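These are the residues of each chain, in order.
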Amino acid sequence: MLKKVAICFALLISLFVPVAAQLPSTPYSPSLLLGAAWYPEQWPESRWEADLSLMEAAHIHFVRINEFAWSSLEPREGDYELDWLDRAVRAAERHHIAVVIGTPTAAPPAWLTSKYPETLRTMADGRKDGHGNRAQFNWSNPKYRELAAKIAARLAERFGNDANVIGWQIDNEYGNESYDAQTQAQFQQWLRGKYKTLENLNARWTTAYWSETYQDWAQIPIPVGSGNPGLLLQWKEFVSDTWRSYQRNQIDAIRAHADPRQKITTNMMGWFDAFDHYTVAQDLDFASWDNYVGTGHLDPVRTGATHDLTRGFLRRNFWVMETQPGVVNWSPNNNMLDKGEVRAMAWNDIGHGADAVEFWQWRSALNGQEQYHGVLLGADGTPVPVYDEVKQIGAEFEKAGPALDGTSVDSQVAILQDYESRWAINWQRHNSAFDPVDALVSYYASLRALARSVDIVADTAPLGRYKLVVAPALNLLTPEAAKNLEAYVRSGGHLVLTQRSALKDEDNSLYPQRQPGPLAELLGARVEQWYSLDKPVPIDGEWGAGENRIWAEQLSFSAPETRTLMRYGKSNGWLDGQPAAVTRSVGQGSITYIGAGLDGKTMKAAAKWMMREAGLNPIMSDLPDDIDLAIRSGNGKRVFIFTNYGVSPRTITLPSPMEDVLTGGTVSSVTLPQYGVAILR
Ligand code: GAL
């Protein structure tokens, strides 16, 4: 066993590893950054010094400020008051704390929306949003864009060459669309650009159905709730493009004045699917997301997958722009994370490729909507219990920074993620229990436990570097993606398609071939019928015996070299004895289709089989299940982050002695209590 592990390590070390690039760094700091969301505009300036001293003592390296401060920056139209912000940046600088400036466009001031009511969004029910909360603006409105570009430009003129400003966050957590007539006209115009003629659009959406046929572009509605699948999909694509141009407007305003050293991002929200994140992320310098647990405790696998999703937006390291100091205020039960869990969570972030972790928020405003949210200082301005744990994280980031500098996550396994497929399934789940993200995470969990790192990328991403590519529920397959996948297999890659894959084309129309549509010929097999299940169906074969719940697809094959891997047992008659998973070798590569939903045991066996087929060895396969291992490498370094998520202490025996980065010294085994973390190299 030891020998096998050692060989795997050697193999890993020889691989090319992409290094962290294009992320902001502070003038003072280590390469791992600890941050806090600070709102100086909510406090008298006389308090700032005390706050910043406490931050410096907690090893906080940067603050993100300003993202909701528009009414303090421009109290009246054209009347800019940026001096206070400058003083805040200078005060932070005196404490060796760098600054990320948020553009304040998620919270327009009252004068703005009163004077230009067209800048307020119209909600799906037709009512206008109003002042008093946030994100009430209309993202497609030209006047709002003009005003947003103006304030962004003003900020960049003032701070674009400020040595203590390391980056920019555009707006905050994009999400709310508008359903007004002007947006509808833009959507119609956008459709015209895409489909050219109404004849074409009508044909591709099959609008003869229910007499939906359009005779004038102006007749095309914004879908609310249900609608023609073609219309639903194109609305989402329009929403995504409109977020991109909304963001681009501010990026251009900033870039006109800012030093390229300052990097631009926005804070995304994990699996949130209101827009295609690959579309929006392409104009950013780096990706970031807001990592909250809400009710319950950290699920290192699902959260790990969310990190990997975010890392996949630009296929490089990212930031956790917000995370909870133990507790939030918006969940059904806002329980506190356990002592030690906040630290474990921060290292989970880093293990998956984050280079910064920022706590939201430093201190709660005395009034305002989020009084109960987790903080590092209480209303009295002194540290709450979790402050010390965060301080420990900051000290550890400084210690481990040099070891992790220039490293990233190197994966030979990729899982494909596709917004269009998720939308298409969620609009017509057919079985409400079929959740496309759950389907993805079920494959991710088993593969990551073996490979220790998995990339999650778009179906059009370059795939050449991967030995194994798994596409869970890739329901909507565009011709471009189909070409990418076919080329991957033909050049020796191992592709696994799963349930509901390749049913639809780029218009969300059914393919006129059976699944997997344009890949059916390559597979030499097809889906005869799908079944939403009301009771479990037994499955048996190469991956052992198990139970298939929720969904089953009956396969058949025509190519003589296509092999059956799993079969259904006795169930509804239709499925009895039929192929449930098939595979076909194509040159050095292979294509596999899994029509069954795998349970815990068969999923694990399938993951092992996939790794083997792809010529991949599991890494440290004898680690206890409670132990998570993340590996970062690059710049000639390989760093192992072990975390114990079980309740009992666990001892890990290392394949060879390693340096303990946090405590110094060489170790050949480590014992970790619950939430214990070891960083070894
Ligand atoms: C985020 C938001 C922050 C704050 C936080 C509370 O979604 O960006 O401004 O509201 O949630 O958890």
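How each quantity is defined
- Residues numbered from 1 in each chain as written.
- Predicted model: local features only at pLDDT ≥ 70, side-chain atom pairs only at ≥ 80, totals over all residues.
- Heavy atoms only, no water.
- Helix = DSSP H or I, 4+ residues; strand = E, 2+ residues; numbered from the N terminus.
- Rg over C-alpha atoms; globule rule 2.2 N^0.38 Å.
- Buried < 20%, exposed > 50% of the residue type's maximum accessible area, 1.4 Å probe, protein only.
- Contact = heavy atoms within 4.5 Å.
- Areas by Shrake-Rupley, 256 points an atom, 1.4 Å probe, with all protein chains shown as cover.
- Lys, Arg positive; Asp, Glu negative; His and termini not counted.
- Charge placed at Lys NZ, Arg CZ, Asp CG, Glu CD.
- Pairing = 2+ DSSP bridges.
- Axes fitted to C-alpha atoms, helices over the stretch in contact; angles between N-to-C directions.
- Near = heavy atom within 4 Å.
- Polar contact = N/O pair within 3.5 Å; in protein donor to acceptor, adjacent residues only side chain to side chain.
- Nonpolar A, V, L, I, M, F, W, Y, C, P; charged D, E, K, R; others polar.
- Expected span 1.5 Å × (residues − 1).
- pLDDT = per-residue confidence, 0-100.

Novice: Explanation requested: the overall build of the chain in the structure shown.
Specialist: From N to C terminus, the chain includes 18 helices and 25 strands. Taking 681 residues into account, the globule formula puts the C-alpha radius of gyration at 26 Å, and the chain, at 26 Å, falls close to it. In terms of principal-axis extent, the alpha carbons of the chain reach across some 80 × 75 × 40 Å. Residue burial in the chain is summarised as follows: out of 681 residues, 61% are buried. Contacts spanning at least 24 positions in sequence make up 72% of the contacts within the chain whose residues lie at least 6 apart. Surface accessibility of the chain: about 25,600 Å² in total, with carbon and sulfur atoms responsible for 51%. If the 64 positive side-chain charges of the chain are averaged to one point and the 79 negative ones to another, these points end up 4 Å apart.

Novice: Help me understand the sheet that holds strand β3 (residues 98-102) in this model?
Specialist: Within a sheet, each strand pairs with its neighbour through backbone hydrogen bonds, oriented either parallel or antiparallel. Overall, parallel pairing links the nine strands, which are arranged β5-β4-β3-β2-β1-β9-β8-β7-β6 in an open sheet. Pairing within the sheet leaves two strands with one partner each, and these edge strands are β5 (263-265) and β6 (267-268). Pairing of strand β4 (residues 165-169) with β5, which is carried by three bridges, proceeds in the parallel orientation. Following the sheet pairing, Gly 167 is matched in β5 by Lys 263. Relative to the sheet, helix α12 (residues 341-351) contacts β7 (287-291), β8 (318-323) and β9 (354-359), its axis offset from that of β9 by approximately 145 degrees.

Novice: I keep staring at the sheet that holds strand β10 (residues 413-416) and nothing clicks. Help me out?
Specialist: Spatially, β11-β10-β12-β13-β20-β19-β18-β15-β16 is the arrangement adopted by the nine strands of the open sheet, whose pairing is mixed. At either margin of the open sheet sits one strand with a lone partner, and together these are β11 (455-457) and β16 (546-548). Pairs of neighbouring strands in the sheet enclose a mean axial angle of 20 degrees, with direction left out of account. Alignment of strand β18 (residues 563-568) against strand β19 (residues 579-586), held across four bridges, turns out to be antiparallel. Considered in β19, the bridge of Arg 567 is made with Pro 579.

Novice: Help me understand the site of the ligand, please; the structure alone is not making it clear to me.
Specialist: In the neighbourhood of the ligand, the contacting residues comprise Phe 68, Arg 134, Asn 172, Glu 173, Asp 290, Tyr 292, Glu 322, Trp 330, Trp 360, Glu 370 and His 373. At 2.7 Å, a side-chain N or O of His 373 approaches an oxygen atom of the ligand. When the free accessible area of the ligand is taken as 310 Å², the share hidden by the protein chains comes to 94%. Each residue belonging to the shell around the ligand can be placed in one class, and the counts come to four nonpolar, two polar and five charged.

Novice: Help me understand helix α6 (residues 142-159), please; the structure alone is not making it clear to me.
Specialist: One full turn of an α-helix is made of 3.6 residues, so residues set three or four places apart face in the same direction. With 18 residues, α6 extends 25 Å from end C-alpha to end C-alpha; this agrees with the ideal 26 Å at 1.5 Å per step. Buried residues of α6: Lys 143, Tyr 144, Arg 145, Leu 147, Ala 148, Ala 149, Ile 151, Ala 152, Ala 153, Leu 155, Ala 156 and Phe 159, and no others. Buried residues belonging to α6 abut α3 (70-73), α4 (83-94), β3, α5 (110-115), β4 and α9 (229-255). Where α6 begins, one side-chain oxygen reaches toward the backbone nitrogen of Lys 143, 3.1 Å away; that side chain belongs to Asn 141.

Novice: What am I meant to see in the confidence of the model for the chain here?
Specialist: Close inspection of predicted coordinates is inappropriate for parts of the model with low pLDDT. Considering every residue of the chain, the mean pLDDT works out to 96; 97% of them sit at 70 or more. Here helix α1 (residues 2-13) is the element of the chain with the lowest mean pLDDT, 36, and strand β12 (residues 468-471) is the one with the highest, 99. Across residues 1-20, where pLDDT falls below 50, the model places 40 contacts with residues more than four positions away in sequence or in other chains.

Novice: What am I meant to see in the environment of Ala 88 here?
Specialist: Within the fold, Ala 88 resides in helix α4. The buried category is assigned to Ala 88, whose relative accessible area is 0%. In sequence terms Ala 88 and Glu 41 are 47 residues apart; their C-alpha atoms lie 9.1 Å from each other. With residues near it in sequence (within four places) discarded, Ala 88 still touches Trp 38, Pro 40 and Trp 48.

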